[in-house]
Amino acid sequence: MSSPPLFESREAPKGAKLVHRAFAASVFAGLCCTWIYRASSAASGLGRWAWNGMFAAELVLGFHWICCQAVRWNLTRYSPLPHLLSQRFTHEEELPAVDVFVCTADPVIEPPTLVVNTVLSVMSYNYPTRKLAVYLSDDGCSELTFYALHQASQFAKHWIPFCKRHNIEPRSPDAYFDKPTARPSGQEWESMKKLYEEMKSRIETMAEKGSVPPETRSQHKGFLQWSHHNNVTKRNHQSIVEIVIDGREEDAVDEDGDRLPTLVYVAREKRPQFHHNFKAGAMNALIRASTEMSNGAVILNLDCDMFSNDPDAIRDALCFFLDEQSGHRIAFVQHPQQYFNVTKNDLYGNSPLQTDKVELAGMGGYGAALYIGTGCFHRREALCGNKGRSSQKTANELEEASKVLVSCSYEEGTQWGKEIGLVYGCPVEDVVTGMKIQCNGWKSIYYRPQKEAAFLGVAPNTLEISLIQHKRWAEGLFQIFLSSYCPLVYGHKRLPLGAQLGYCTYLLWAATAFPTLCYLVLAPLCLLQGIPLFPQVSSPWFIPFAYVYGARTIYSLVEGLMCGYTVKGWWNLQRVVLLRRSSSYVFSFVDTVAKQLGLSKASGFAVTAKVVTEDVRRRYEEEVMEFGSSSTTFIIVATVAMVNLFGLVGGIGKWWWVDGGMSLMGLQFGLCSVVVGLNLPVYVALFFRRDDGCLPVDVMFKAVGLASLAACLMAI
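As the structure is a computational prediction, the values presented were derived from the model and not from experiment. Throughout this description, residue numbers start from 1 for each chain and increase along the sequence as written. The predicted origin of the model limits local features to residues at a pLDDT of at least 70 and limits the giving and counting of side-chain atom pairs to 80 or more, whereas totals for whole chains, interfaces and linings rest on all residues. Hydrogens and waters are ignored; side-chain quantities use all the structure's heavy atoms.

S.K.: An account of the overall build of the chain is requested, with residue identities and associated values reported.
M.R.: Here a helix means four or more residues in a row that DSSP labels H or I, a strand means two or more in a row labelled E, and each is numbered from the N terminus. A count of helical and extended segments in the chain gives 26 helices and twelve strands. Relative to the 2.2 N^0.38 estimate, which gives 27 Å for 716 residues, the radius of gyration of the chain is 27 Å and therefore close to what a compact globule would have. Seen through its C-alpha atoms, the chain measures out along the principal axes to roughly 90 × 65 × 60 Å. Exposure is judged per residue with a 1.4 Å probe applied to protein chains only, and the accessible area is read against the type maximum: over 50% gives exposed, under 20% gives buried, and values in between give partly exposed. Across the 716 residues of the chain, 59% fall into the buried class. The contact criterion used is simple: two residues touch if any of their non-hydrogen atoms lie within 4.5 Å. In the chain, the proportion of contacts linking residues at least 24 apart, taken out of those at least 6 apart, comes to 83%. Split by element, the accessible area of the chain, about 29500 Å² in all, is 59% carbon and sulfur. Looking at the chain, you have 67 positive and 67 negative side-chain charges, and the mean spots of the two groups are 7 Å apart. We take the radius of gyration over the C-alpha atoms and set the globule estimate at 2.2 Å times the residue count to the 0.38 power. Each accessible area is a Shrake-Rupley result for a 1.4 Å probe, and residues are judged covered by the shown protein chains and nothing else. We treat Lys and Arg as the positive residues and Asp and Glu as the negative residues; His and chain ends play no part in the count. In plain terms, the charge of a residue is placed at NZ if it is Lys, CZ if Arg, CG if Asp and CD if Glu.

Structure, rendered in structure tokens:
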């Protein structure tokens, strides 16, 4: 007799599906009408070029909208049933071993205290510690990070039993002590907080010094790896593998006498003459090292700034992998990227609820949930196949064997980065790896817990950092679209058509840049010159244009509100999407095309900063947009804002008094008004703010000058 299922799936109600599909069909009909109008009508002179530009923009944006509907076509939500897992596995020793990978790359941008908080949160899982191993990949090869990990291993002896005695949440010490929650009775809470503050102070003091003094190096043999004769630098160093806690040893216990989980520090070898393949290379090195040491059947990978917020997250994930009916086909279970520091109205659109609650769930409905690089549970077999290991080796033997596996030359002549492990050659190795796994016949699950988020990270708290992050993502995603891994080609007959189009929703972020710029620039400039780009209000052709824009906006707003956005939060998201498309994605598109043509070399992986000043943090919490630099990105943002302001003000002055003028230019007035409304924080930063987060004066002059030049050139 088969066991009951360990998870359940729920599709969207049939009524809701019918409503959405009817709506989508009506908007698609409207889009077709606008395309017919563009193709059958024409302007003369300069207007012809603007007209053709708008037509091309509408074709691209229309296709992208179709892709966005694909992820809404098959919305499915999954829920684990952990109580049935407990009934099925009455003896915890029957549960599979789990390896946790935490990745860091720079001790300055990603402070060691941030890293060890994530490590401590996963060491404290409600899971048999004999079955749990935690690996820290330090691509910065910093003795400061190793020092912090060693300190965390000592603190864990007190922290883990404290967490389990009182069942506290979250289990990241920083997040827990900052949270106004009920405290355990007695002095234990104060004592534990004091222990943590002392550890944190030691780590931060050492980070300020910039190196570990000789008297501290004697605390662990691992510090010998950074001795002077090794000449260790971030990009040139030997393999370092140190077992900080060997969970097999009898003395590896906490203050209650319970066994501690295994804890391992890994810094793969780096040499200038070898390409190290960024995070994908680090992950593959961890896969090989962990296969030698613990060989957990399930792997959880986390970025160092994303701590575990749910101590039972492993058990929830196992419900999917261990289900008797369909678990054997599941390669990975992906959680959404959620953040603890998002403002009430999500100023920078860091946590797009419609993406988390609708789009990614829609991809999961096809069995093709995206792998997004963190907060993901993997079946080891899907990543690297089944590999055996010897459990009789000593800690020193395991360390030495693993050093070979994480050396620079190990992958030469192998299928690592191609058919085994994470795929190389793309800045977003996670997405292409997930798609490749799915094309090999595996399924994937997207799981967004209805309770507390399973993982919480640090969201960018300045506009520039947010735009840089999206520039990197969009560039990598567009590279996939232009590569042999394009889902419409590579996924043909391997993935459902809806999943192929769903992938394109994200892979074509960069491709929306210039179509969006056409709308943002041509519409206001043509308004100034009296060149109509849309049918006048009295024309029957006005109806499909108005319907498409109006229906899509209303639907987006309603969907956003249903997902939990405030009206202001939804408006902030529209602004941020506009800023991304008119700046970050422009650079992404240009850089990707240049690389495809061999005009530029591949860029390095940019780690986004996790630390800002108190003034910046205060403005972020007050939801005041942070600019503060004269970067090219902000010059573009400011120029686009000024072009639309000139177009709106100049257009009103020119056409308000002309009989039929508002009817002729109605849609262009409406478009410019919306863009000006979205850019209000930009105008405030240009002309009214005087704090460090404003736009500098030189940006104002450049933006006004460029916008005026564009208007003059249009008039010639």
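Picking up after the structure, the text goes on.
S.K.: Can you lay out the pairing of strand β6 (residues 262–267) for me, pointing to particular residues and giving the numbers?
M.R.: Residues in a regular strand point their side chains to alternate faces of the sheet. With six of its six residues buried, β6 lies for the most part within the structure. Residue alternation in β6 divides its side chains into two sets, T262, V264 and V266 and L263, Y265 and A267, and both sets are buried. The pairing of strand β4 (residues 132–138) with β6 spans five bridges and is parallel. In the sheet register, Y135 faces β6, and the bridge partner there is V264. Note on pairing: DSSP must find at least two bridges between two strands before they are called paired. Taken together, the five bridges between strand β5 (residues 240–245) and β6 define a ladder with antiparallel strand orientation. Looking at the pairing, I240 lines up with A267 of β6.

S.K.: Help me get a handle on the sheet that holds β5, residues and values and all.
M.R.: Read across the open sheet, the eight strands follow the order β5-β6-β4-β3-β7-β10-β9-β11; overall the sheet is mixed. Among the strands making up the open sheet, the edge pair consists of β5 and β11 (443–446). Neighbouring strand axes in the sheet, compared pairwise and without regard to direction, differ in orientation by 20 degrees on average. Taken together, the four bridges between strand β9 (residues 330–334) and β11 define a ladder with parallel strand orientation. Pairing of I330 across the sheet is with K443, part of β11. Lines fitted to the C-alpha atoms define the axes, with helices restricted to the stretch that makes contact. Angles between their N-to-C directions range from 0 to 180 degrees. Against the sheet, helix α10 (residues 313–321) contacts β3 (98–104), β4, β7 (298–303), β9, β10 (376–379) and β11, and its axis sits at roughly 145 degrees relative to β9.

S.K.: Break down the packing of aromatic side chains for me, with residues and values.
M.R.: Stacked, tilted and edge-to-face pairs are distinguished by plane angle, under 30 degrees for stacked and over 60 for edge-to-face with tilted covering the rest, among Phe, Tyr and Trp rings (Trp via its six-membered ring) whose centres lie within 6.5 Å. Evaluated as defined, the whole model comprises 39 aromatic pairs. When the centroid spacing of 5.9 Å and the interplanar angle of 50 degrees are considered together, the rings of F155 and Y196 count as tilted. Of this pair, F155 sits in helix α5 (residues 143–166) while Y196 is found in helix α7 (residues 188–209), placing the two residues 41 residues apart along the sequence. Relative accessible area serves as the criterion here: at 1%, Y196 is assigned to the buried category. Taking 5.9 Å as the distance between ring centres and 15 degrees as the angle between the ring planes, the aromatic pair formed by Y348 and Y620 counts as stacked. Remark: Y620 occurs in helix α21 (residues 614–621) and Y348 occurs in the loop between β9 and α11 (353–365); sequence separation between them is 272 residues. An aromatic cluster is built from Y37, W51, Y519, F534, W541, F545 and Y549, whose rings are joined through pairwise contacts.

S.K.: Kindly report on the layout of surface pockets, identifying the contributing residues and their values.
M.R.: With a probe scaled to a water molecule rolled over the atoms, the places where space remains empty come into view. Any residue with an atom within 4 Å of a point lines the site, the site being either a cavity, points on a 1 Å grid over the protein atoms alone where a 1.4 Å probe fits but cannot get out, or a pocket, an open set with protein on both sides within 12 Å along at least 5 of 7 lines. Grid points are joined across faces, edges and corners, and a volume is the space filled by probe spheres set on the points. Taken as a whole, the second largest pocket holds about 830 Å³ of empty space. Lining the second largest pocket are 28 residues, with L114, D174, D178, F340 and V458 sitting closest to its centre. At the level of elements, α4 (112–123), α6 (173–178), α7 and α21 are the ones that each hand at least two residues to the lining of the second largest pocket. Across the lining of the second largest pocket, the residue classes tally to ten nonpolar, seven polar and eleven charged. As a working rule, the residues Ala, Val, Leu, Ile, Met, Phe, Trp, Tyr, Cys and Pro are called nonpolar, Asp, Glu, Lys and Arg charged, and the rest polar, with Gly in that last group.

S.K.: Outline the environment of Q69, listing residues and values.
M.R.: Within the secondary structure layout, Q69 lies in helix α2 (residues 46–70). Considering only alpha carbons, one finds Q69 and K344, 275 residues apart in sequence, at a separation of 28 Å. Residues within four places of Q69 in sequence aside, it is in contact with H20 and A24.

S.K.: Describe in detail a nonpolar patch on the surface, supporting the description with residues and values.
M.R.: On the surface, a nonpolar cluster with roughly 450 Å² of combined accessible area is contributed by L706, L709, L713 and I716. Along the chain, L709 falls in helix α26 (residues 697–715). Exposure above 30% relative accessible area and the lack of any salt bridge qualify a residue for a patch; like charges then connect within 9 Å, and the nonpolar side chains Val, Leu, Ile, Met, Phe, Trp and Tyr within 5 Å. Each salt bridge in this description consists of a side-chain nitrogen of Lys or Arg and a carboxyl oxygen of Asp or Glu lying within 4 Å of one another.

S.K.: Can you lay out the UniProt feature "active site" (unreviewed entry) in the chain for me, pointing to particular residues and giving the numbers?
M.R.: Per the UniProt record, "active site" (unreviewed entry) is annotated on D139 and D430. Structurally, D139 is set in the loop between β4 and α5. Take D139: its relative accessible area is 9%, and that puts it in the buried class. Apart from residues lying up to four places away in sequence, D139 is in contact with T104, A105, K234, R268, K270, F278 and A282. Taking the relative accessible area as the measure of exposure, D430 reaches 10% and is therefore buried. Among all residues touching D430, those that are not within four sequence positions of it are Y371, I372 and G373. UniProt positions are given in the numbering used here, feature names are shortened, and annotations may be inferred rather than shown by experiment.

S.K.: Go over the UniProt feature "transmembrane region" (unreviewed entry) in the chain, please, and point to the residues and values.
M.R.: Summarizing the sequence annotation, UniProt attributes the feature "transmembrane region" (unreviewed entry) to residues 506–528, 634–657 and 669–687 in the numbering used throughout. Its end C-alpha atoms 35 Å apart, residues 506–528 is made of 78% helix and 0% strand. With 95% helix and 0% strand, residues 669–687 has end C-alpha atoms that lie 23 Å from one another.

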